Amino acid sequence: MDPPYAPLSESCAKALGDKVYDKRKVASQEIEKMVMEFNNKNNSAQIRKLIEVLTNDYATARDANRRKGALIGLAATGLGLGKDSDKYVNELVMPIINCLSDPDLRVRYFACESLYNVVKVSRAAIIPFFPELFAALSRLVTDSDQSVKDASELIDRLLKDIVTESSQTFNLESFIPLLRERIYVKDEFARQYVISWISILNAVPDLDMVNYLTEILDGLFVMLEDNTNEIQRMCETTISQFLRSIRNDSSSVRMEDTINTLITHAQSPNELIKATAITWIREFVQIFGPNVLPYASGIFTAILPCLEYNVESKRSIKDSAVVVNNSMMQLVSSKELKTQTAAKIDLRSIMDVLSQYLTHNSKDTKIAVLKWIHHLFTNFPNEMSEHATNLNNNLMLTLADNSDEVVLQSLSVLAEIVNSQDTKDLDDFNKSHYRKFLLSLLKLFSEEKLILENRASLIIRKLCVLLNAEYIYRSFAEILSEEVTNLKFASTVVRLLNSILLTSTELFELRNSLRNISNDKSANLFQCLYMSWANCPVSTLSLCLLAQSYQHVSELVILFADVEVTLELLGELDKLVQLIESPIFASLRLTLVSKANNCADAQHLAHALFGILMLLPQTEAFDTLRNRLQCVPNYWNTPIYTINNRDSLEHQSDIDFDALKEHFIKLQKAHREQRIVQRKRSVITPDSN
């Protein structure tokens, strides 16, 4: 009858479960010799019976010493089999793996030792059991006992060597789910273990880890937030390795899923994660070109906030964001890919993002957003037309921004919108979009006093460059005369428009046009402006002086007797005198000494200027104008009736100056009445201040 633990002898079976390690060691040596003999005789039945005894009677025993004996016996069996252990690898490995989670730390240690020996002789045959081994080792690297950790690291290194040399038989697809499951672990040792395997597998030429990048990339970015420097370093290195692989060959990368992961992490508050993600986005834009355009809204969400970074620690993030922004702009404007781009780009989602960042705190971000909106209107005017209405209100608000650059860029966008909406013949002044836009602008000026005082001049000058200056002034004049009921506000705006008209280099052509009212188009413009300029008496004088309507000026000056002379009006007259001395009115000064038109214009101009002189108190402006008039030849010796008024320049036009004069009187009367009503209100309800 066979011994109860056959083929083990009774003494060997007893020693194998002894608490003394040396006795178990002697028993294992006996087992190794026995297995070698069985193997030499091809007696596989006895070998399997031996392994079954070790597995069933020892490896699962309650006594920890017997479990230790099973482990050393299984290791001895593997060593005895040598290269033939691959035939029994399943029977050898599985009981050892089960012992790796044993509650007794010494059993776990001996399990590691036993597994190492079996793996060492089995080599490539162990590959089919890699998922189980990987899962077990991922637990052991976090073991509370250092000796167990050290032993598991030895197995790990051995496994990496085997996988590297047997990569053609390694099933990467079945391994990825395991990796994905454990990549979100929190323990630092487990994280190092996972990252090390990703790095090793990515370095094996026969294994295409890039194909599975989307499964693990999110977890790698999460690990970058680890407080351990070593883990951060390992993770950065691994992520950089992947990026190098993609640069060399991007054919296997799933760009769509990957870029969404990058966009998510580019919005992380962690600077390292953000910097790494944006670096990847920069590379993806370069590598995949137009294929990234469907994800433009997400990319903008990631990069636009980064443009505000000015501190040195975030400089690299901003630089990468700027490169991405510029590269995306080049992609959108590419003429070769115009049709392809229009099909791929989602303007609605892009505009949602751009509108959101239009109110961002950063000047650089707002400028980038405005440039993008302008760029899109330039390249896709038809497609962008539906977004114009929603944009107008937001763009108007940016005109109150503290930065002149933001204001100017916003005006460029507004002008582009107006231009893109206008398809009518430029020779016909029927610009409904101009009028609608400028009406909104005037509404903003009336509601925001600071914008009117500090920004209105800049805004109007810029618009005159970007749009048609004549249309701008015509539209303003029509709105002020037809739709603005607040005459004081109208007067303020006219004063501003007049100042820009007379002093701005941008309006040189418009000034020249107004000087020739014998031309029907210029005469029409003059009359259009006059209807609203009449809100401000001094501005009306300036306009008429510019148009060389000197006879009308001399008649208007007389009417100032009925105009309330305030400090504000005197200040305007003072400025008018300064303008008369400026290069803009050089022709006016020459008219004073000209005998053209039988001296009619000279005499009417002299009359007008003497009238202005009489309105001025004896200030510096008074002295300046008086000195100028003293240089004028004496035309007063010629009786007025000998001067034919029809010789003057203004009579060479078809303008009805009498009607204009009546309009001036009527409008000034309305101003007086409105001031009286306002004063009564201020008495009844005094200002709380």
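Here the structure is a predicted model, which is why all the values come from computation and not from measurement.

So, on to unusual backbone geometry. A negative phi angle is the norm for most residues apart from glycine, just as the trans form is the norm for most peptide bonds. The amide bond that connects A6 to the next residue, P7, takes the cis arrangement and shows omega of 10°. Mapped onto the elements of the fold, P7 is located in the segment before α1 (10-16). One non-glycine residue, Q548, lies in the positive phi region at around 60°. Following the sequence through the fold, Q548 ends up in the loop between α30 (537-546) and α31 (550-559).

Before going further, it helps to spend a moment on the packing of aromatic side chains. Applying the stated criterion to the full structure yields 17 aromatic pairs. A centroid spacing of 5.6 Å and a plane angle of 70° characterise the contact between Y109 and F110, whose relative ring orientation is edge-to-face. Residue class for Y109 comes out partly exposed when judged on its relative accessible area of 22%. Taken together through their ring pairs, the aromatic side chains of F130, F134, F170, F175, Y193 and W197 make up a single cluster. Looking at R66, its charged tip hangs above the ring of Y58, at a distance of 4.2 Å from the centre. Cation over ring: K149 sits above F189, and NZ or CZ is 3.7 Å from the ring centre.

As a packed pair, helix α10 (residues 188-203) and helix α11 (residues 213-223) sit with axes 12 Å apart at the nearest point and diverge in direction by 135°. Put simply, α10 runs oblique to α11. Where α10 crosses over α11, the handedness of that crossing is left-handed. Of the residues in α11, those touching α10 at R191, V194, I195 and I198 are I216, L220, V222 and M223. Along the lines of polarity and charge, the residues of the contact of α10 with α11 split into seven nonpolar, no polar and one charged.

Where helix α35 (residues 620-630) is concerned, the buried positions are A621, F622, L625 and L629. Taken down its axis, α35 places every buried residue within 100° of arc, on the same side. Residues of α35 that are exposed and point more than 90 degrees away from the buried face comprise E620 and Q630. Against α32 (567-580) and α34 (600-615) lie the buried residues of α35.

Attention now moves to the environment of I198. With respect to the helices and strands, I198 occurs in helix α10. Counting along the chain gives 13 residues from I198 to N211, while the straight-line C-alpha distance between them is 13 Å. Not counting residues up to four positions away in its chain, the partners in contact with I198 are L179, I183, M209, I216, L220, T238 and F242.

Time to look at helix α21 (residues 388-398). An α-helix turns once per 3.6 residues; consequently, residues spaced three or four apart project the same way. Residues of α21 that are buried include every one of A388, L391, L395, M396 and T398, and no others. Seen end-on, α21 carries its buried residues on one side only, within an arc spanning 145°. In α21, the exposed positions angled more than 90 degrees off the buried face are occupied by T389, N390, N393 and L397.

As a further point, take the side chain of T261. Note on placement: T261 falls in helix α13 (residues 255-265). One polar contact links the side chain of T261 to the main-chain carbonyl oxygen of D257, over a distance of 3.3 Å. The residues contacting T261, other than those within four sequence positions of it, are L217 and D218.

For the structure on display, the rule yields 31 salt bridges. With its nearest N and O atoms 2.6 Å apart, the salt bridge here joins D226 to R191. Taken as a pair, D226 in the loop between α11 and α12 (229-248) and R191 in helix α10 lie far apart in primary sequence, 35 residues in all. Taken as a pair, D226 and R191 share a single burial class, namely buried. Here D364 and K318 are joined by a salt bridge, their closest N and O atoms 3.1 Å apart. In this pair, D364 sits in helix α19 (residues 363-379) while K318 sits in helix α16 (residues 315-332), placing the two residues 46 residues apart along the sequence. Here D364 falls in the partly exposed class, since its relative accessible area comes to 25%. On the basis of relative accessibility, which here comes to 11%, the residue K318 falls in the buried class. Put simply, R180, E215, R254 and D257 are held in one network by salt bridges that share partners.

Our focus in this paragraph is the confidence of the model for the chain. Taken as a whole, the chain shows an average pLDDT of 89; of its residues, 94% reach a score of 70 or greater. The low-confidence segment residues 424-430, where pLDDT is below 50, has twelve contacts with residues more than four positions distant or belonging to other chains.

Time to look at the nonpolar core. In terms of nonpolar packing, the biggest core is built from 243 residues, with L8, M328, L376, Y473 and F526 touching the most fellow members. At ten residues, helix α27 (residues 487-503) tops the list of elements feeding residues into this core. Each residue touching F526, except ones within four places of it in the same chain, is listed here: L514, I517, L543, C544, A547, S549, I655, F657 and L660.

This paragraph deals with the environment of D57. Relative to the assigned elements, D57 resides in helix α3 (residues 44-59). D57 has contacts with Y5, E52 and R66, leaving out every residue within four places of it along the chain.

Once that is clear, we can look at the packing of helix α23 (residues 432-447) against helix α26 (residues 469-482). Direction vectors running N to C along α23 and α26 enclose 65°, while the axes themselves pass 9 Å from each other. Crossing of α23 over α26 shows right-handed handedness. Taken together, the residues of α26 that come into contact with α23 (itself represented by Y434, R435, L438, L439, L441 and L442) are Y471, I472, S475, F476, E478, I479, L480 and E482.

Take the state of the cysteines next. Following the criterion strictly, the structure yields zero disulfides and no others. Cysteine C12 shares no disulfide, and the gap to the nearest cysteine sulfur, in C99, comes to 18 Å. Its relative accessible area of 1% is what places C12 among the buried residues. For the unlinked cysteine C306, the closest cysteine sulfur is that of C235, found at 19 Å. Judged by relative accessible area, which is 0%, C306 ranks as buried.

Conventions and cut-offs
- Residues numbered from 1 in each chain as written.
- Predicted model: local features only at pLDDT ≥ 70, side-chain atom pairs only at ≥ 80, totals over all residues.
- Heavy atoms only, no water.
- Helix = DSSP H or I, 4+ residues; strand = E, 2+ residues; numbered from the N terminus.
- Phe/Tyr/Trp six-rings, centres within 6.5 Å; stacked < 30°, edge-to-face > 60°.
- Buried < 20%, exposed > 50% of the residue type's maximum accessible area, 1.4 Å probe, protein only.
- Lys NZ or Arg CZ within 6 Å of the ring centre and 35° of its normal.
- Axes fitted to C-alpha atoms, helices over the stretch in contact; angles between N-to-C directions.
- Parallel < 35°, antiparallel > 145°, perpendicular 65-115°, else oblique.
- Left-handed = near helix turned anticlockwise from the far one by under 90°.
- Contact = heavy atoms within 4.5 Å.
- Nonpolar A, V, L, I, M, F, W, Y, C, P; charged D, E, K, R; others polar.
- Arc of directions from axis to C-beta.
- Polar contact = N/O pair within 3.5 Å; in protein donor to acceptor, adjacent residues only side chain to side chain.
- Salt bridge = Lys/Arg side-chain N within 4 Å of Asp/Glu carboxyl O.
- pLDDT = per-residue confidence, 0-100.
- Core = buried A, V, L, I, M, F, W, Y, C linked by side-chain atoms within 4.5 Å.
- Disulfide = S-S within 2.5 Å.

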